[in-house]
Amino acid sequence: MCIRDRVQGDGRTLSQKIDTLVHQRKMHMGGAYGVDVGHGLRLGGGMFLVYSVRDGALDYIVGLDDGRGRPDIIALSSSSGMTAWGLQPTQGLQWDASKRLHFGAVFRFPELRLHASGRAATTQIASGTDATVFALTDVKESSSRMRWSDPARLFMGVAYEPTERVRLAFDGDVAFALEQDTWGAAHDARVRFRAGVLLKPVDAFHFGFGAFVDPASERVLQANLGAIRVDYYGGTAGFILRTRLGPDTGPNAPVLTLSSAVRYSVGLGDARTALVLERGATVGTQTITVHDIMPYLGSSVAF
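Draft legend 1. Broad picture of unusual backbone geometry. We note that His39 has phi near 60 degrees; this positive angle belongs to a residue other than glycine. Its location among the elements puts His39 in the loop between strand 2 (12-38) and strand 3 (41-65). Of the residues examined, His39 reaches a relative accessible area of 80% and is grouped as exposed.

Spelled out as structure tokens, the structure:
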């Protein structure tokens, strides 16, 4: 995120620039099981070791030029990083109520954090008519105190095929409240919805589209500069190419699929930024709009 502001008045010019970058990812490693109970009912579950990483960087510069000499400038640069290890079990079921009606549900238990470590470094430079001031802080922390660090979520969905060439799908999930996640944010309970249509004009080509609502669950906008809290609304569209493998091209032949899709969403919310006023800069809240585009490309072989 990049924000620029400038205010002029009384022969002075006050300007600022903020650049923020946050890179966050999670990796799950573990095992799972599945059981076909019969009568269209299947049960399954798993246990996963979760590795979480979050890196952030912020550069902020504000300057005041009164036109009478060297301008006053303050530059702040900070970087932070955190890693965490945890355990998270899941349990789910699938039920084929009929040939055309299918139900599914998955309960993802809250993640139990086992260990976390982090670092934060800040550099501040101030210059003007007086001598340049340089300040540096570097903090490292580590904790092995176990606690819940990711909200529990219940996923539910239903798919219905009115004809052999059309599939309708509706699903949603409930994210439960949590006082503090891996990164220190508190979450309220939230409900999210998705709906989609898959059309199958021929066996070799399928295409579909859908829509979703993804409200933010963070209870409040975090205080750190550059934090955002956004509700997303969007849609998806894509296609599937199917090729049956081997000499037998009947219904039981292996199928090679190539899938491509794109997801677009618009996010409406707030960002923690510095407001440039005539009297100076102060930390505040600014309304933002986020446009998110995510492409997808994948393939699989079904036997």
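Draft legend 2. Just the pattern of salt bridges, in detail. Under the criterion given, the structure shown has 15 salt bridges. Residues Asp173 and Arg194 are paired through a salt bridge, measuring 3.0 Å at the closest nitrogen-oxygen approach. Taken together, the residues span a long stretch of sequence, with Asp173 in strand 10 (residues 166-175) and Arg194 in strand 11 (residues 190-202) at a distance of 21 residues. Judged by relative accessible area, Asp173 falls into the buried class, the value being 1%. Its salt-bridge partner being Asp214, residue Arg192 comes within 2.5 Å of it at the nearest N-O pair.

Draft legend 3. Highlighting the side chain of Ser149. If you trace the backbone, Ser149 turns up in strand 8 (residues 147-150). Leaving out residues up to four positions away in the same chain, Ser149 has contacts with Glu111, Leu112, Arg113, Leu178, Gln180, Asp181 and Thr182.

Draft legend 4. Structural context of the side chain of Glu161. Mapped onto the elements of the fold, Glu161 is located in strand 9 (residues 153-163). Within polar-contact distance, the side chain of Glu161 engages the side chain of Arg167 at 2.9 Å. In contact with Glu161, not counting residues within four places along its chain, are Lys99, Arg100, His102, Val166, Arg167 and Lys200.

Rules of the game
- Residues numbered from 1 in each chain as written.
- Predicted model: local features only at pLDDT ≥ 70, side-chain atom pairs only at ≥ 80, totals over all residues.
- Heavy atoms only, no water.
- Helix = DSSP H or I, 4+ residues; strand = E, 2+ residues; numbered from the N terminus.
- Buried < 20%, exposed > 50% of the residue type's maximum accessible area, 1.4 Å probe, protein only.
- Salt bridge = Lys/Arg side-chain N within 4 Å of Asp/Glu carboxyl O.
- Contact = heavy atoms within 4.5 Å.
- Polar contact = N/O pair within 3.5 Å; in protein donor to acceptor, adjacent residues only side chain to side chain.

Everything listed is a geometric property; what it means functionally is a separate question.
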